[in-house]
Amino acid sequence: MSDKRQRARVQGSWAKQLPKQPRPAVPHSQSANPAAASWGVHRQTTSGNFQGVEFNQPIKPVRDVPPEKIIDQAGDYEISHGPSGVSRLRLVPGFLPAQEADWMFSKLLAELPWSQKTNIRQGEAYAEPRLTCWFGELPYTYARSTMAANTKWHPLLMNLRRAVSEACGGGGCSGGDCFNSLLCNQYRDGHDSIGWHSDDEASLGPRPVVASLSLGDSRVFSLRKKPPPEENGDYTYVERIKIPLGHGTLLLMDGATQDDWQHQVAKEYHDRGPRINLTFRSIFPEPQGHRPGTKLHFSNRQADVNATN
Ligand SMILES: O=C(O)CCC(=O)C(=O)O
């Protein structure tokens, strides 16, 4: 789809292109599917001699890598229409006024029960490159490791949960307390990160609404569209979006966003101060006989250690 048509689909003050140049177009022959190669090198055997080399024109057109979009303005954005429905984002920079955000950040940094979780990937244990804590009446399992139920909500988090729920009105819940749980992430510096994943564990229910509130130093939140099945898991040509999440910014993810997109916060190689991200969600009891933490769409959380730009 042309970039122009793509932009026309999006409501609100959409998405500048990033100033940097798009990555160079890659001919099919270099794509993950060698069967699609269209450059042929033929040895001619006229008179029994090898006469030279002939390059055929590509049969298929060269594919462009879609230019990355950036969302940095307040607004509602429909980032895709399909295959699972409409994927929506709402960005609210300054959701918390700076001074309020300052003291909340210090308090949460000092007073939440932060710890480093150990996950399992391909049978190997690894420590997550960030600190976390969990609040909710049910345990939460992802990456083959479970965070125990914890009903001792910090009073500040109860207030934030109400405020975030109100901002969510019309975005999948109708005011009141939309969320029954909270995953808190602490990125101690630029080396802490979270790898590509979707918040699509079966325990979060279908089409979960996730509200993400950021405090502290700004980090780039990246999204990439899941490729269609014929790409065999190759993300080379997928759409990508970057969203700088600053102190006091709220981001709502709604609709099919967890079905059709993945997100990450990549490591950075320049100095970054600490950052807290609060992701409010709703969690439900796992169906009987269901293995906790199972993904709805088999899009495994990748190893956090691989989270890079
Ligand atoms: O830190 C962030 O902004 C993202 C956190 C996240 O992706 C998650 O908790 O699932």
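Residues numbered from 1 in each chain as written. Predicted model: local features only at pLDDT ≥ 70, side-chain atom pairs only at ≥ 80, totals over all residues. Heavy atoms only, no water.

A. Local environment of the overall build of the protein chain. Helix and strand counts for the protein chain come out as four helices and 19 strands. Taking all 309 residues of the protein chain together, 49% fall into the buried category. Put simply, of all contacts in the protein chain between residues at least 6 apart along the chain, 74% involve residues at least 24 apart. Accessible surface, the protein chain as shown: approximately 15,400 Å² in total, 52% of it carbon and sulfur. (Helix = DSSP H or I, 4+ residues; strand = E, 2+ residues; numbered from the N terminus. Buried < 20%, exposed > 50% of the residue type's maximum accessible area, 1.4 Å probe, protein only. Contact = heavy atoms within 4.5 Å. Areas by Shrake-Rupley, 256 points an atom, 1.4 Å probe, with all protein chains shown as cover.)

B. Highlighting the packing of helix α2 (residues 98–111) against helix α3 (residues 155–167). For the pair α2 and α3, the least separation of the axes is 10 Å and the interaxial angle reads 130 degrees. Taken together, the axes of α2 and α3 are oblique relative to one another. Taken as a pair, α2 and α3 cross one another with a handedness that is left-handed. Between α2, through Trp 103, Met 104, Lys 107 and Leu 108, and α3, the contact on the second element is made entirely by Leu 156, Leu 157 and Leu 160. Split by residue class, the contact of α2 with α3 holds six nonpolar, no polar and one charged. (Axes fitted to C-alpha atoms, helices over the stretch in contact; angles between N-to-C directions. Parallel < 35°, antiparallel > 145°, perpendicular 65-115°, else oblique. Left-handed = near helix turned anticlockwise from the far one by under 90°. Nonpolar A, V, L, I, M, F, W, Y, C, P; charged D, E, K, R; others polar.)

C. The arrangement of the side chain of Lys 267 in detail. Examined against the element boundaries, Lys 267 turns out to sit in the loop between β18 (261–265) and β19 (275–281). No salt bridge is formed by the buried Lys 267. Its closest oppositely charged neighbour is Asp 192, at 6.6 Å. Within the structure, the side chain of Lys 267 is placed 3.4 Å from the backbone oxygen of His 191, a separation counted as a polar contact. (Lys, Arg positive; Asp, Glu negative; His and termini not counted. Salt bridge = Lys/Arg side-chain N within 4 Å of Asp/Glu carboxyl O. Polar contact = N/O pair within 3.5 Å; in protein donor to acceptor, adjacent residues only side chain to side chain.)

D. Representation of the environment of Thr 279 within the structure. Its location among the elements puts Thr 279 in strand β19. We classify Thr 279 as buried; its relative accessible area is 6%. Residues Thr 279 and Arg 161, spaced 118 residues apart in sequence, show a C-alpha to C-alpha distance of 9.8 Å. When sequence neighbours within four positions are dropped, the list of residues in contact with Thr 279 reads Ser 181, Leu 182, Leu 183, Val 210, Ala 211 and Ser 212. In terms of polar contacts, Thr 279 uses its side chain to reach the side chain of Arg 281, at 2.9 Å.

E. Region of interest: the site of the ligand. Of all residues adjacent to the ligand, which total 14 residues, the nearest are Asn 185, Tyr 187, His 197, Asp 199 and Arg 275. Between the ligand and Asp 199 there is a distance of 3.0 Å, counted from an oxygen atom to a side-chain nitrogen or oxygen. The side chain of Arg 281 places a nitrogen or oxygen atom 3.4 Å from an oxygen atom of the ligand. A total of 290 Å² of accessible area belongs to the ligand in isolation, and the protein chains cover 99% of it. Only β12 (181–187), β13 (194–197), β18 and β19 provide two or more residues apiece to the shell around the ligand. (Near = heavy atom within 4 Å.)

F. Quick peek at the nonpolar core. Residues Leu 108, Leu 157, Leu 160, Leu 278 and Phe 280 are the most contacted members of the largest nonpolar core, which totals 30 residues. Those elements that place two or more of their residues in this core are α2, β9 (131–136), α3, β12, β14 (210–216), β17 (250–255) and β19. Ignoring anything within four residues of it in the chain, the contact list for Leu 108 reads Trp 114, Leu 156, Leu 157, Leu 160, Leu 215, Ile 276 and Leu 278. Ranked by size, the runner-up nonpolar core spans 17 residues in total, among them Leu 89, Ile 194, Phe 221 and Ile 243. (Core = buried A, V, L, I, M, F, W, Y, C linked by side-chain atoms within 4.5 Å.)

G. The arrangement of α3 in detail. End to end, α3 covers 19 Å across 13 residues, agreeing with the expected 18 Å (1.5 Å per residue, within 8%). Within α3, burial applies to Leu 156, Leu 157, Leu 160, Arg 161, Val 164 and Ser 165. Seen end-on, α3 carries its buried residues on one side only, within an arc spanning 165 degrees. Exposed residues pointing more than 90 degrees away from the buried face of α3 are listed as Pro 155 and Glu 166. (Expected span 1.5 Å × (residues − 1). Arc of directions from axis to C-beta.)

H. Inspection of unusual backbone geometry at higher detail. In this structure, the amide linkage connecting Gly 82 to the following residue, Pro 83, adopts the cis form with an omega of 5 degrees. Structurally, the position occupied by Pro 83 is in the loop between β5 (75–81) and β6 (86–92). Located in the positive-phi region is Gln 122, a residue other than glycine, with phi close to 50 degrees. Mapped onto the elements, Gln 122 comes out in the loop between β7 (118–121) and β8 (124–127). Unusually for a residue other than glycine, Asn 232 sits at a positive phi of about 50 degrees. When you line up the elements, Asn 232 lands in the loop between β15 (219–225) and β16 (240–245).

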